Protein chains: 2
Amino acid sequence: MSNKVVCDLSISADGYVAGPGQTADKPFGDGPVDRLHAWMFDTPAENQAEVDRITSAGAYVMGRNMFGPVRGEWDLDWTGWWGEDPPYHAPVFVLTHHPRDPLTMQGGTTFTFVDGIGSALDQARAAAGDRDIAIAGGAATINQYLAAGLVDELRTHIAPVTLGAGERLFDGVPSLDLELLATRSASLVTHIDYRVRH
Amino acid sequence: MSNKVVCDLSISADGYVAGPGQTADKPFGDGPVDRLHAWMFDTPAENQAEVDRITSAGAYVMGRNMFGPVRGEWDLDWTGWWGEDPPYHAPVFVLTHHPRDPLTMQGGTTFTFVDGIGSALDQARAAAGDRDIAIAGGAATINQYLAAGLVDELRTHIAPVTLGAGERLFDGVPSLDLELLATRSASLVTHIDYRVRH
């Protein structure tokens, strides 16, 4: 199947993507949350295949909270967490009820502001060509797409830590029939790829 | 380290060990709960090393609900779910507030009824010799031992399914610092071994 809808998500062994107490200054909240992404930042060479795959999508969809901590109307000075040249290098569709003109960044990343998960996915699919569409996060957005049956492949990256509280993958998602496609481990992570059976 | 305290637990990708609606007739509750243990029953040859390891402990501790659905005072006709020759072949310490005389089964399994997780572990350790002590389950018992910092190795066996509700590993357990020891996958499961850092 070409043009798959994929999700990559780093989670703790107890399924959290972020700790409690998330704020604009601490987008991942409290607790040992650095451990969730240490595999990517501290051991990139071990995990190059996974990093390359995450950045290979033809288009991305993300929730407004992943784009920025802004609430209510837009602060037009906010152009995301990633500086002038975000790592997406592709069209990114940001879910929001607040209209905003598109932003063109360096390196091929564009941010387009869209209302509704179906509309965002349709636009991302049209923009992705024959490459995959990635639901980039956060967990609330991924959980919406999972609950709606719109995700084809889910790839969890499980860090060796538990958080005990926070924002959880699968929260509010009904039972899913998964097919185990592949697993691979490195020193700080276990990668598991699932196909979601529809 | 010899004489480790170990836990093996089959969980869904969203961390459940059983679905909602557990009853005496349906000890794993509702939903596709057969999928949790399919790796062990449907593909034993692929997973022989893990099965052998689970059954190699020198002593076991289990919660009363794992021993049986009996509530309140004991029904002395109830001798566990496993028939005359349970698969433990070792001393098993059953946590309960209701005293009961020990039961000697065939094949080397004995059930001893003990009050308190510390006392049960002490007795299991004394009985295990230089072999490991296994906290056999259920999840509530394992979560108590994890929360008390008494588990040395946690081995999750993750089935490719989510349940969406039920009884969860790590429920009520504070953040744990884990070390990823080993992972292995088969067609119906991803095995992950963690050391719990104390």
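Everything here concerns the structure above.
Values in this document were obtained by computation on a predicted structure and should not be read as measured data.

What counts, and where the lines are drawn
Residues numbered from 1 in each chain as written. Chains lettered and ligands numbered in written order. Predicted model: local features only at pLDDT ≥ 70, side-chain atom pairs only at ≥ 80, totals over all residues. Heavy atoms only, no water. Contact = heavy atoms within 4.5 Å. Buried area = accessible area lost by both parts, 1.4 Å probe. Salt bridge = Lys/Arg side-chain N within 4 Å of Asp/Glu carboxyl O. Polar contact = N/O pair within 3.5 Å; in protein donor to acceptor, adjacent residues only side chain to side chain. Helix = DSSP H or I, 4+ residues; strand = E, 2+ residues; numbered from the N terminus. Nonpolar A, V, L, I, M, F, W, Y, C, P; charged D, E, K, R; others polar. Pairing = 2+ DSSP bridges.

Draft legend 1. Molecular detail of the interface of chain A and chain B. With 31 residues of chain A at the interface, the matching set in chain B holds 31 residues. Here chain A and chain B share an interface that buries about 2100 Å² over both sides, 53% of which is from carbon and sulfur atoms. The tally of links between chain A and chain B comes to two salt bridges. In this structure, B:Asp177 and A:Arg35 form a salt bridge, with 2.9 Å as the shortest nitrogen-oxygen distance. Viewed at the interface, chain B and chain A are joined by twelve residue pairs in polar contact (both at pLDDT 80 or more). For the side of chain A that touches chain B, the secondary structure elements donating two or more residues are β8 (153-159), β9 (161-162), β11 (176-186) and β12 (189-196) of chain A. Ranked by residue count, the leading element in the side of chain A that touches chain B is β11(A), at eight residues. The class makeup of the residues in the side of chain A that touches chain B is 18 nonpolar, seven polar and six charged. Bridging between β11(A) and strand β9 (residues 161-162) of chain B involves two bridges; their strand directions are antiparallel. Along β9(B), the bridge assignment pairs A:Asp177 with B:Val161.

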